[in-house]
Every structure is written in C-alpha cells, then in structure tokens.
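# Architecture at a glance
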Amino acid sequence: MLVTDKGQVTIPKHIRTAAGVAPGSEVTFSLEGSKIVITPVATNVREDRRAKFKVAAARLRNSYSPEFKQLGADEIMNFIRGDEPVKGTGRRGAR
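Keep in mind it's a predicted model, so treat the numbers as computed, not measured.

### Comments concerning the overall build of the protein chain
Secondary structure assignment for the protein chain yields four helices and two strands. Start at the N end of the protein chain and walk to the C end: the helices and strands fall as α-β-β-α-α-α. The buried share of the protein chain, taken over its 95 residues, is 11%. Taking the intrachain contacts of the protein chain between residues at least 6 apart in sequence as the baseline, contacts between residues at least 24 apart amount to 3%.

### Points about the confidence of the model for the protein chain
Any residue range with low pLDDT should be treated as having predicted coordinates unsuitable for detailed reading. Per-residue confidence for the protein chain gives a mean pLDDT of 80, with 81% of residues at or over 70. Considering each helix and strand of the protein chain separately, the mean pLDDT is smallest for helix H2 (residues 45-62), with a value of 77, and largest for strand S1 (residues 27-32), with 93.

### Considerations on the pairing of S1
Counting buried residues in S1 gives zero out of six residues, a small share hidden from the surface. Of the pairings in the sheet, the one linking S1 to strand S2 (residues 35-40) comprises six bridges and is antiparallel in character. Within the sheet, the bridge partner assigned to Val-27 lies in S2 and is Pro-40. Between the end of S1 and the start of S2, which pair antiparallel, lie two residues, with Gly-33 showing a positive phi angle near 70°.

### Regarding the side chain of Ser-25
Tracing the chain through its elements places Ser-25 in the loop between helix H1 (13-19) and S1. Taking relative accessible area as the criterion, Ser-25 reaches 18% and is therefore assigned buried. For Ser-25, the side chain forms a polar contact with the main-chain oxygen of Ala-22, separated by 2.8 Å.

### A word on a nonpolar patch on the surface
A contiguous nonpolar patch, built from Phe-29, Leu-31, Ile-36 and Ile-38 and spanning about 460 Å² of accessible area, is present on the exposed surface. Elements that contribute at least two residues to the nonpolar patch include exactly S1 and S2. Inspection of the secondary structure puts Phe-29 in strand S1. For Phe-29, a relative accessible area of 57% corresponds to the exposed category.

### Some points on the environment of Val-9
With respect to the secondary-structure elements, Val-9 resides in the segment before H1. Among all residues touching Val-9, those that are not within four sequence positions of it are Met-1, Leu-2 and Val-3.

Cut-offs and rules
- Residues numbered from 1 in each chain as written.
- Predicted model: local features only at pLDDT ≥ 70, side-chain atom pairs only at ≥ 80, totals over all residues.
- Heavy atoms only, no water.
- Helix = DSSP H or I, 4+ residues; strand = E, 2+ residues; numbered from the N terminus.
- Buried < 20%, exposed > 50% of the residue type's maximum accessible area, 1.4 Å probe, protein only.
- Contact = heavy atoms within 4.5 Å.
- pLDDT = per-residue confidence, 0-100.
- Pairing = 2+ DSSP bridges.
- Polar contact = N/O pair within 3.5 Å; in protein donor to acceptor, adjacent residues only side chain to side chain.
- Patch = residues over 30% accessible without salt bridge, like charges linked within 9 Å, V, L, I, M, F, W, Y side chains within 5 Å.
- Areas by Shrake-Rupley, 256 points an atom, 1.4 Å probe, with all protein chains shown as cover.
- Salt bridge = Lys/Arg side-chain N within 4 Å of Asp/Glu carboxyl O.

What follows is the structure, given as structure tokens:
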C-alpha cells in the first residue's frame, strides 16, 4: 500500500468493517516495535454527533418567538430568503 506525501493511506474495507471503523470514527496510532497499530477510540461517533445535534436544535427551537414557532420549514426558508409573506404576519421576510 502506498503512503501519500501527506502520510495518508486507505484502510482496506474488510479491515475497517472488522474493526468497526466508519467515516467520522476516531482512531489512535501507536508503535509496537516496528509495527504501526491503529486503534478505534469510539465506535458510535455518528450517534454521538446526532445526539449533540438534536440537543443543539432543541435549544435553538426553544429560543424562537411564539409566532416563529408556528411556521413550517418552507415558511422559515421563505422568510430567510425574503421570497414570500410570512404566514399570519402579512409582512415579507427580511433580506
């Protein structure tokens, strides 16, 4: 396997799968004699990130004004873009 100028290599899929290493996983590197050992640090990185995102989204959602909480996703996007009147307010979204 060729090491790039940046020191990068591709871990073969069958090894990634067997070790539980997925995109977004953290690994550590260590030396055992002349061998380089790659060890997964955490296995549920995607779930951890998803949980943190849900907490952040809930915190943001709770900061909305009562009128804004009534809007759906399309209405919010229209408000952000300034495309159409915001439902129930009779005014156009700001740009």
